[in-house]
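# Commentary on secondary and tertiary structure
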Amino acid sequence: MFKEVLETSQPIVYQTLKNALESEHLSHCYLFVGDKGTHKLETSFLLAQSLICENRTAFACEKCNSCRRMKENNYVDLIYIDEDDKNIKVELIENLQHRFEKTALEKAGKKIFIINNCERLTIKAANSLLKFIEEPAGNTTGIFITTQVDGVLPTIVSRSQTLNFKPLNKDDFFNYALEKNIDPLSAHLISNLISREVDIIPLSKNRSFNKAIEIFCQFIQRYFDNRTESYFYLQNSIAANKRNQRDIIRFFLDISLLFIQDYLNGFESEDKTYSDLLTLAKNNDFNYSQVMKAFIDSRTSLNKAANGLLLIDQLIYKLLEV
Ligand SMILES: [Zn+2]
């Protein structure tokens, strides 16, 4: 259920809305502000569901017929507007106006609108919208969503209760990845390599990324056993993957650097393979600062390097000198 996700990822927003729903002291107008991937849109639908759900406790049950239709944007008294790349036109708002002048059609008797990217509203459109919010007998709730509060018209900001969604952190990404059935090792690596939640699933399915994990694990295992053999392995496995070679190298370098960082931080992994590799590093002598430097240099040169294989050769050369 999304409400459980919200409770862990946005505890302040969760508690604020829960209190308002329990005490029935809801604002007529909300402004959700936060980065992409912070669950603003899902929260707006959860709030909309919570206004009309018959089985709600504080939040909606998220399962009943009304909840389902709301989530699918199939609820007659919900108007959802999302104009991603252009100004929200006044005609759209006039259409909304036209529908909201009539009484609510569903039996809950509540009218709700959600406007995503509300910084794109024109003054005229915003003013005609706010009219509904100010009607004394109105049974209308408005939810405005934005990533950039500076771009939102002051008339909207001043009439709305603003809820700030905190930026996601690595723990949130990690937990989200586990929820999506991504294995603990990939979840750990991904959550450290990306900055937006929307990138988690695509990266978990990225072939170059998965190839790089495989090469990395094999390489480290060999590195602490037989260095010379590990270098041969690295050269050969990179050479064998001609397709997306540069991506594989980039992921390999990023994962290796993260591994050294985890080693230094005494990170404990839930993943058996990764945890064994960290133990190997702990039990073996290696000049981690020089190794790290070699990896950082290669990572920095990657963008301008003409040949990926040559870059790997240079990395190995530096590692030999350590
Ligand atoms: Zn429900």
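Small disclaimer: the values here were computed from a predicted structure and weren't measured. (Residues numbered from 1 in each chain as written. Predicted model: local features only at pLDDT ≥ 70, side-chain atom pairs only at ≥ 80, totals over all residues.)

Quick look at the overall build of the protein chain now. Along its length, the protein chain carries 16 helices and 5 strands. A globule of 322 residues ought to have a C-alpha radius of gyration of about 20 Å, yet the protein chain, at 26 Å, is considerably larger. The principal-axis extents of the C-alpha atoms in the protein chain amount to approximately 80 × 40 × 30 Å. A separation of at least 24 residues holds for 69% of the contacts in the protein chain among residues at least 6 apart in sequence. (Helix = DSSP H or I, 4+ residues; strand = E, 2+ residues; numbered from the N terminus. Rg over C-alpha atoms; globule rule 2.2 N^0.38 Å. Contact = placed C-beta atoms within 7 Å.)

Each assigned domain of the protein chain is listed here: domain 1 (2–167) and domain 2 (206–321). Here the C-alpha centroids of domain 1 and domain 2 sit 47 Å apart. (Domains from an automatic or database assignment.)

On to helix α13 (residues 245–265), then. Every α-helical turn comprises 3.6 residues, leaving residues that sit three or four positions apart pointing alike. Between the first and last C-alpha of α13 there are 30 Å, a value that for 21 residues agrees with the 30 Å anticipated at 1.5 Å per step. Here the buried face of α13 lies against α9 (184–193), α11 (207–223), α12 (227–240), α15 (288–302) and α16 (308–321). Of the residues one or two after α13, G266 is the one with positive phi, at around 65 degrees. (Expected span 1.5 Å × (residues − 1).)

Time to look at unusual backbone geometry. One non-glycine residue, E24, lies in the positive phi region at around 55 degrees. Position of E24 among the secondary structure elements: in the loop between α2 (11–23) and β1 (29–33). With phi around 50 degrees, N117 is a residue other than glycine that occupies positive phi space.

What follows deals with the environment of L31. Relative to the elements of secondary structure, L31 occurs in strand β1. Spatially, the C-alpha atom of L31 lies 5.8 Å from that of I145, the residues being 114 residues apart in sequence. Other than its neighbours up to four places away in sequence, L31 contacts F144, V152, I156, V157, S160 and T162.

Another aspect to go through is the sheet that holds strand β5 (residues 161–164). Strand order in the open sheet formed by 5 strands is β2-β3-β4-β1-β5, with parallel pairing between adjacent strands. Pairing within the sheet leaves two strands with one partner each, and these edge strands are β2 (78–82) and β5. Direction aside, neighbouring strands of the sheet carry axes that sit 15 degrees apart on average. Examined bridge by bridge, β2 and strand β3 (residues 111–116) share 5 bridges and lie parallel to one another. Paired with Y80 across the two strands is I114, which belongs to β3. (Pairing = 2+ DSSP bridges. Axes fitted to C-alpha atoms, helices over the stretch in contact; angles between N-to-C directions.)

Here we take up the environment of I133. Relative to the elements of secondary structure, I133 occurs in helix α6 (residues 123–134). Judged by the 17 C-beta atoms lying within 10 Å of it, I133 falls in the partly exposed class. In the structure, I133 is positioned 105 residues away from H28 in sequence and 6.2 Å away in space, judged by C-alpha atoms. (Buried ≥ 20, exposed ≤ 12 C-beta atoms within 10 Å, placed from the backbone.)

Now for the environment of F173. Among the structural elements, F173 can be located in helix α8 (residues 170–179). Classification of F173 by C-beta neighbours within 10 Å gives buried; the count is 24. Sequence separation of F173 and S9 is 164 residues, and the distance between their C-alpha atoms is 9.4 Å. Ignoring any residue separated from it by four or fewer positions in sequence, one finds F173 in contact with L168, I190, S191, I194, E197 and I200.

For β1, the buried fraction is high: 5 of the 5 residues fall into the buried class. Along β1, one buried face is formed by C29, L31 and V33 and the opposite face, lined by Y30 and F32, is buried too. Pairing of β1 with strand β4 (residues 140–146), which is carried by 5 bridges, proceeds in the parallel orientation. Bridged to Y30 within β4 is I143. As paired elements, β1 and β5 share 4 bridges and run parallel to each other. Of the residues in β5, the one forming a bridge with Y30 is Q161.

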